[in-house]
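What follows is each chain in one-letter form.
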Protein chains: 2
Amino acid sequence: MPAPEACLLLIGSELTEGRLTDKNGPFLAAQLSQMGFQLGEIRILPDDSAKLRSAMQEALHSRAELILSSGGLGHTRDDLTATLWAEILEDKLTVSESLLNHLQATLRERGISKLPYIERYALAPTRGKFFLNPVGLAPALYWDLHTKVICALPGPPAELQSIWHVHLKPYLQNRFSLKPPLEHTIKTTGITESRLSELIASWEANLPVSIHLAYNPSWEGVSLHLRASPEIDRELFFNQIEKLRALLKPYIYTEGAGSLAECIIKKLRERGLTLAVAESCTGGHITASVVNVAGASDVLKGGVVAYANSTKIDLLGVVPEVLQTEGAVSESTALQMAEGVRKALHAHVGVATTGIAGPTGGSAEKPVGTVWIGIATPIETYAKRFVFSGGREVVIQRATATALSLLWQALGKNS
Amino acid sequence: MPAPEACLLLIGSELTEGRLTDKNGPFLAAQLSQMGFQLGEIRILPDDSAKLRSAMQEALHSRAELILSSGGLGHTRDDLTATLWAEILEDKLTVSESLLNHLQATLRERGISKLPYIERYALAPTRGKFFLNPVGLAPALYWDLHTKVICALPGPPAELQSIWHVHLKPYLQNRFSLKPPLEHTIKTTGITESRLSELIASWEANLPVSIHLAYNPSWEGVSLHLRASPEIDRELFFNQIEKLRALLKPYIYTEGAGSLAECIIKKLRERGLTLAVAESCTGGHITASVVNVAGASDVLKGGVVAYANSTKIDLLGVVPEVLQTEGAVSESTALQMAEGVRKALHAHVGVATTGIAGPTGGSAEKPVGTVWIGIATPIETYAKRFVFSGGREVVIQRATATALSLLWQALGKNS
């Protein structure tokens, strides 16, 4: 039995005019795919009744068994979604007393006594139903036509995601016979995409066509995603993963959902080690990546963003003569920063960056993109030089990701 | 004359399966809209020849005068775009000697002697033409059918954007009679969306319907975007902006493209002031936002991420008794951190955050989301308390944005 097909209609002129970047498409696409739906298409449409009407009609007459729309459920004249779905499905929208009561209670909780347009949000379909919005006003409206399900979700991502998790996902799991695909992700760091590709070339050549392999490169490393239809033999799938794992072992930082920073924190915690960060060109980005992880306070002592030379000297103990003779962007400075922050913050491990993010400040000897990354552990201190291409923000991102990668590799060595 | 309509087809199963978030749609939507195209639709499609063929046919028979596709131009069996466009347009793809020579020269420059599939990238349409790819291998293929233009662009955003700026945008500007819409953005900070909405309510009620107003709220503040068709009277448009500007004056940080951090750096530079940042819960995010701006080194001395109490004491001179009696998340700590980093880094202005980002660490008195933000200038030192809702990352983002907002407001006061 093939996976049931789904179709998304993302509605809003702010999306087609490029004023807002859609977040609902990627969210719903990933969720639907993991559940076992096959997403046939995502259509992004302006607030234009003719275009919306025809896209809705087409979806209705397509093979899609699930049609989700997002957006256009507000109270302004641009918000056409509910009216159009009702028109196309030959239904009527009328004020639901229970919905109105719920909305008025919500307003009271927020200390709002009256909202002139609140009845607009209490319109419910006669032949369809609705899901309450746990974090906003607009409910989701849905119709089960037996051959297909249509659901109109509000556009704000927080509202859409809340309705999804609380109501829609459980409803769909119950309503459809879904078989989730077999999926597995292996995340590597410290190896380039081309080297990795060489390393697994013969494995990849022998991979059964029923297993789909995708490379997802990022600055932190290359993730490999394997995916197969639920019909294939599970043992075949997991045997292939085992072979792949053996080939890539030294580079794998996780096979789950965690980020590189999360894995670093986990490793530090397991080993009872603390971390301190000294950043020049990355300007706080490394520390910020670590702090994003819940529980970072267990292992992170803190960091110093030593942008000015005086800060490098005063807070990190970099020797002024080194800055004069070798420059701020040098191996010695990176070493002294890493060692200096380790000592100043009483941490076990120090990591440091110093480089030229651009657009100015480069020279023939040290072009824009030159970055030294230093690592100091209780055992050893060393630094590596990189030259990253790309604009200022890309150089900063690549330096940040590479520092995390080196840190992860250093923690491996310390075992 | 109405704006010519455009249509985008974004191709790739990684997009419909939610493994990759599309960046080409938002980029092209904004670019086309600014040029004076009207984007009728964005369709995101899997690597499925039947679905692609029918979407291409529909686009071809729609009102769209410009059809752009992205993705599917690589050398794997999943890459169907070029073949399908050629089939539908009744054209043939043959190896172009000039293209092949160019590609081989590109490979030599990169130190690659041979690529088995390079001829795949040298396929050019017989009735169409191609644009060279300045940063990758796959050229863009295009056809001018007189009534419409079709262009197939490669999927990697860096390649697509490079071809857009170097080749496609100039070509379209020459090929179509475009009238860009009148557009203006006013960015505010330090005022909530609802207060702002009240403040401009009577102005908004009198806004001619030909001028479209959009609120774009972010954690840093609310941006207002005004847009009108090129047909309307310019004076009418700019008169409305002048009235709006007068209403919002104290809150406007820019009417251009700059970020709040950029405007802060500009203000600091104009006044000859330097900045130092002390972060606890924001963990480097404020400093990182400032460092992202080119030229930050002129005004940023650096920062201290004082995550552990020992770091707050050692590097920022926070009094240990204060941490014991009032706690790390307190007004006194925020004040001492802001003043401490200002002194330690010899800067004119200090900004500090200390708070509970969660998910753990909250209490009845100091719930998760409690953040104190301190500001120290040569004239005054003060701190404000906030309680931000949302998960850990959202609390961090909101605290970062609010600190930048307070910093901007403080710089206004210092004039």
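Residues numbered from 1 in each chain as written. Chains lettered and ligands numbered in written order. Predicted model: local features only at pLDDT ≥ 70, side-chain atom pairs only at ≥ 80, totals over all residues. Heavy atoms only, no water.

(A) Here's a closer look at the sheet that holds strand β6 (residues 129–131) of chain A. Across the sheet, 12 strands lie side by side as β6(A)-β7(A)-β8(A)-β3(A)-β1(A)-β2(A)-β2(B)-β1(B)-β3(B)-β8(B)-β7(B)-β6(B); this open sheet has mixed pairing. Edge positions in the sheet fall to β6 of chain A together with β6 (129–131) of chain B, since each has one partner strand and no second. On average, each strand axis in the sheet is tilted by 15 degrees relative to the strand beside it, whichever way the strands run. Taken together, the three bridges between strand β2 (residues 38–45) of chain A and strand β2 (residues 38–45) of chain B define a ladder with antiparallel strand orientation. (Pairing = 2+ DSSP bridges. Helix = DSSP H or I, 4+ residues; strand = E, 2+ residues; numbered from the N terminus. Axes fitted to C-alpha atoms, helices over the stretch in contact; angles between N-to-C directions.)

(B) Layout of the domain arrangement of chain A. All names here are of chain A. Taken domain by domain, chain A consists of domain 1 (5–176), domain 2 (182–255) and domain 3 (262–413). Using only C-alpha atoms to locate each centre, domain 2 and domain 3 end up separated by 31 Å. The interface of domain 2 with domain 3 comprises nine residues on the first partner and nine residues on the second. Surface buried jointly by domain 2 and domain 3 totals about 740 Å² across both partners, of which 70% is contributed by carbon and sulfur atoms. Looking only at domain 2, the three residues that lose the most surface to domain 3 are Thr189, Trp219 and Tyr253, adding up to 68% of its buried area. (Domains from an automatic or database assignment. Contact = heavy atoms within 4.5 Å. Buried area = accessible area lost by both parts, 1.4 Å probe.)

(C) Highlighting the packing of helix α3 (residues 49–60) of chain B against helix α4 (residues 81–88) of chain B. Residues and elements named next belong to chain B. Interhelical geometry of α3 versus α4 gives an angle of 50 degrees and a closest axis separation of 10 Å. By the angle class used here, α3 and α4 are oblique. Here the hand of the crossing between α3 and α4 comes out right-handed. The residues of α4 that touch α3, namely those facing Ser49, Leu52, Arg53, Met56, Gln57 and Leu60, are Thr81, Leu84, Trp85, Glu87 and Ile88. Among the residues forming the contact of α3 with α4, the class breakdown is six nonpolar, three polar and two charged. (Parallel < 35°, antiparallel > 145°, perpendicular 65-115°, else oblique. Left-handed = near helix turned anticlockwise from the far one by under 90°. Nonpolar A, V, L, I, M, F, W, Y, C, P; charged D, E, K, R; others polar.)

(D) Fine view of the pattern of salt bridges. The final tally for this structure, using the stated rule, is 29 salt bridges over all chains. With its nearest N and O atoms 2.7 Å apart, the salt bridge here joins arginine 53 of chain B to glutamate 87 of chain B. With arginine 53 of chain B in helix α3 and glutamate 87 of chain B in helix α4, this pair connects stretches of sequence that are 34 residues apart. One network of salt bridges, in which partners are shared, links Glu17 and Arg19 of chain A together with Glu183 and Arg227 of chain B. (Salt bridge = Lys/Arg side-chain N within 4 Å of Asp/Glu carboxyl O.)

(E) Molecular detail of the interface of chain A and chain B. Contacts between the two partners involve 62 residues from chain A and, on the opposite side, 62 residues from chain B. Sorting the residues of chain A by area buried against chain B places Arg19, Asn292 and Tyr307 of chain A first, and these three jointly supply 12% of that buried surface. Counting across the interface, chain A meets chain B through six salt bridges. For the interface between chain A and chain B, the tally reads 28 residue pairs in polar contact (both at pLDDT 80 or more). Of the residues in the side of chain A that touches chain B, the class split is 28 nonpolar, 20 polar and 14 charged. (Polar contact = N/O pair within 3.5 Å; in protein donor to acceptor, adjacent residues only side chain to side chain.)

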